[in-house]
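# Breakdown of the fold
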Amino acid sequence: MEATNDNTVILEGFFLEHPSFSHEVFGESFYTARFSVDRLSSQKDILNITISSRILGSGELDIAAYARITGQLRSYNKMENGKNKLMLTVFARSLEFPEERALEPNLIELTGFICKEPIYRTTPFGREITDLLLAVNRHFNKTDYIPVLTWGKNAKFAQTMEIGDKVRVEGRLQSRTYTKVLADGTTDERVAFEVSSSLVVLLDSPEEESEPEDYPSCSSAHLA
């Protein structure tokens, strides 16, 4: 399968379950599982993993073993309650069981295009946040749509960005539980997956820029 340096994820942690069959492509079977990664706090990020039978091998996976997954962050639309919802999964390219643990068990680097107007806001405690939606190209004319949170000085910088700007983002992939207020006044507990950035760089090198009409749009990314 194709590889790209525009999208790299490295996670370390534990599988929460044995991978279950998801689908098959050209005779290769793919499985999904939840993967737990520790934060610096006592919290954990529970992330979705997609992994092929080629990587899993023929033996049974030892889910009690500390694992390292290297891959890419992929997006897809899932139908829930009659609506499309943007989902994120880490598409594993390698699986290892390291003897030593990394100091930072959750790293992601993305290069892509801003494909939606940045949204600047502040939390009730006055913390500044800018929400970005990044379109990251894959080979074979595919695009992944990745929600990105920027904080503090990065948020002030990111709010000035425009649709079509090419940026590089570094940070971690996180899961976040939130309460959605529905139209009838009831509430629903949901989980969001997004990149919490530590670095956002605007790329303006002429040789890396594309014509505006070549920028991927957000038309196929359903965030509701």
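Preceding this paragraph is the structure being described.
Just so you know, these numbers come straight off a predicted model, no measurement behind them. Sequence positions are assigned chain by chain, starting from 1 and proceeding in written order. A pLDDT threshold of at least 70 governs which residues receive local features in this predicted model, and a stricter bar of 80 or more applies before side-chain atom pairs are shown or counted, although totals over entire chains, interfaces and linings include all residues. Note that water and hydrogens are dropped before the side-chain values are worked out from all heavy atoms of the structure.

### Things to note about the pattern of salt bridges
Operational definition: The term salt bridge refers to a pairing of a side-chain nitrogen on Lys or Arg with a carboxyl oxygen on Asp or Glu at a separation within 4 Å.
With the rule as written, the count across this model stands at 13 salt bridges. The residue Arg190 makes a salt bridge to Asp188 at a minimum N-O spacing of 3.1 Å. Through salt bridges with shared partners, a single ionic network connects Glu12, Arg68 and Glu96.

### A closer look at the side chain of Asp144
Stated precisely, the cut-off is as follows: Think of it this way: any DSSP run of H or I at least four residues long counts as a helix, any run of E at least two long counts as a strand, and we number them from the N terminus. For each residue, the accessible area found with a 1.4 Å probe, counting protein chains only, is set against the maximum for its type, and the residue is called buried under 20%, exposed over 50%, and partly exposed in between. Think of a polar contact as two N or O atoms within 3.5 Å of one another; within protein, one of them needs to be a possible hydrogen donor and the other a possible acceptor, and neighboring residues in sequence only count if both atoms come from side chains. Contacts are assigned to residue pairs with any non-hydrogen atoms lying within 4.5 Å of each other.
Looking at the secondary structure, you find Asp144 in strand E10 (residues 143–151). On the basis of relative accessibility, which here comes to 0%, the residue Asp144 falls in the buried class. A distance of 2.9 Å separates a polar atom in the side chain of Asp144 from the backbone nitrogen of Ser75. Non-local contacts of Asp144, meaning those with residues more than four positions away in its chain, are made with Asn7, Leu73, Arg74, Ser75, Leu134, Ala135, Val136 and Arg138.

### A word on the packing of aromatic side chains
For clarity, the cut-off: Note on aromatic contacts: the rings of Phe and Tyr and the six-membered ring of Trp form a pair at centre separations within 6.5 Å, being stacked when their planes are under 30 degrees apart, edge-to-face when over 60 apart, and tilted otherwise. Working rule: Lys NZ or Arg CZ, within 6 Å of ring centre, within 35 degrees of ring normal, means a charge sits over the ring.
Applying the stated rule across the entire model yields 4 aromatic pairs. Taken together, a centroid distance of 5.4 Å and an interplanar angle of 75 degrees make the contact between Phe14 and Tyr66 edge-to-face. Placement of the pair is Phe14 in strand E1 (residues 7–15) and Tyr66 in the loop between helix H1 (53–56) and strand E5 (67–80), with a sequence separation of 52 residues. For Phe14, a relative accessible area of 27% corresponds to the partly exposed category. In this structure Tyr66 comes out as buried when scored by relative accessible area, which is 13%. An angle of 35 degrees between the planes, with centres 5.8 Å apart, marks the rings of Phe30 and Phe91 as tilted. Placement of the pair is Phe30 in strand E3 (residues 28–38) and Phe91 in strand E6 (residues 83–96), with a sequence separation of 61 residues. In this pair, the class of Phe30 matches that of Phe91, namely buried. In this structure, Arg74 packs its charged tip against the face of Phe91, placed 4.3 Å from the ring centre. The cationic tip of Arg101 hangs over the ring face of Tyr66; the distance from NZ or CZ to the ring centre is 4.0 Å.

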